[in-house]
Amino acid sequence: RGADIFKAVALGATAVGVGRPVLYSLASYGEKGVVRMVHMLQDELQMVMRLSGTPNVPSITEKHVITRNLADHIVPLPSDSLVQSTYMPLQPASRM
């Protein structure tokens, strides 16, 4: 969504990955679907930028996003006990 792209740029992102929408568009509608999806994201981003009063991408700053509760939404990566305790760690070929 355009709002998610806006938030990512406001928090310092220089690029945003768009994986699933590209795959779904390509699988369903081919190249024209991907082009349409990109136009939709551009339109949504432009709408959010207009609503927030930012005329261009460089003018998007962290002040446009409420970050006071951001730490509450960051989830630590779960530990993978299967890999840590079941499998032997990989060794370089020179040590085998």
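Above this text sits the structure in question.
Residues numbered from 1 in each chain as written. Predicted model: local features only at pLDDT ≥ 70, side-chain atom pairs only at ≥ 80, totals over all residues. Heavy atoms only, no water.

With respect to the overall build of the protein chain
Across its full length, the protein chain carries four helices and zero strands. Walking the protein chain from its N terminus toward its C terminus, one meets helices and strands in the order α-α-α-α. Residue burial in the protein chain is summarised as follows: out of 96 residues, 15% are buried. Expressed as a percentage of contacts within the protein chain between residues at least 6 apart in sequence, the contacts between residues at least 24 apart total 60%. (Helix = DSSP H or I, 4+ residues; strand = E, 2+ residues; numbered from the N terminus. Buried < 20%, exposed > 50% of the residue type's maximum accessible area, 1.4 Å probe, protein only. Contact = heavy atoms within 4.5 Å.)

Let's talk about the pattern of salt bridges
Between side chains of opposite charge, a pair can form when the charged atoms approach closely. Overall, the coordinates contain one salt bridge when judged by the stated rule. Ionic pairing is found between lysine 7 and aspartate 4, a salt bridge with its closest N-O pair at 3.8 Å. Placement of both lysine 7 and aspartate 4 in helix α1 (residues 2-10) is noted, with a separation of three residues, approximately one turn of the helix. For aspartate 4, a relative accessible area of 39% gives the class partly exposed. (Salt bridge = Lys/Arg side-chain N within 4 Å of Asp/Glu carboxyl O.)

Describing the nonpolar core
In terms of nonpolar packing, the biggest core is built from ten residues, these being Ile5, Phe6, Ala10, Met37, Leu41, Leu45, Val48, Met49, Ile60 and Val65. Residue assignment for this core shows that the elements contributing at least two residues are α1 and α3 (31-52). Looking at which element gives the most residues to this core, the answer is α3, with five residues. With residues near it in sequence (within four places) discarded, methionine 49 still touches Phe6, Thr54, Pro55, Asn56, Val57 and Ile60. (Core = buried A, V, L, I, M, F, W, Y, C linked by side-chain atoms within 4.5 Å.)

Here we look at α3
Given a rise of 1.5 Å per residue, 22 residues ought to cover 32 Å, and the 32 Å separating the end C-alpha atoms of α3 matches this to within 8%. Those residues of α3 that are buried lie in contact with α1 and α2 (20-29). Backbone geometry just after α3 places glycine 53 at a positive phi near 80°. (Expected span 1.5 Å × (residues − 1).)

A look at α1
Buried within α1 we find Gly2, Ile5, Phe6 and Ala10. Projected down its long axis, α1 carries its buried residues within an arc of 135°, all on one side. Phi turns positive, to about 110°, at glycine 12, one or two residues after α1. (Arc of directions from axis to C-beta.)

Distances and angles like these do not, on their own, reveal function.
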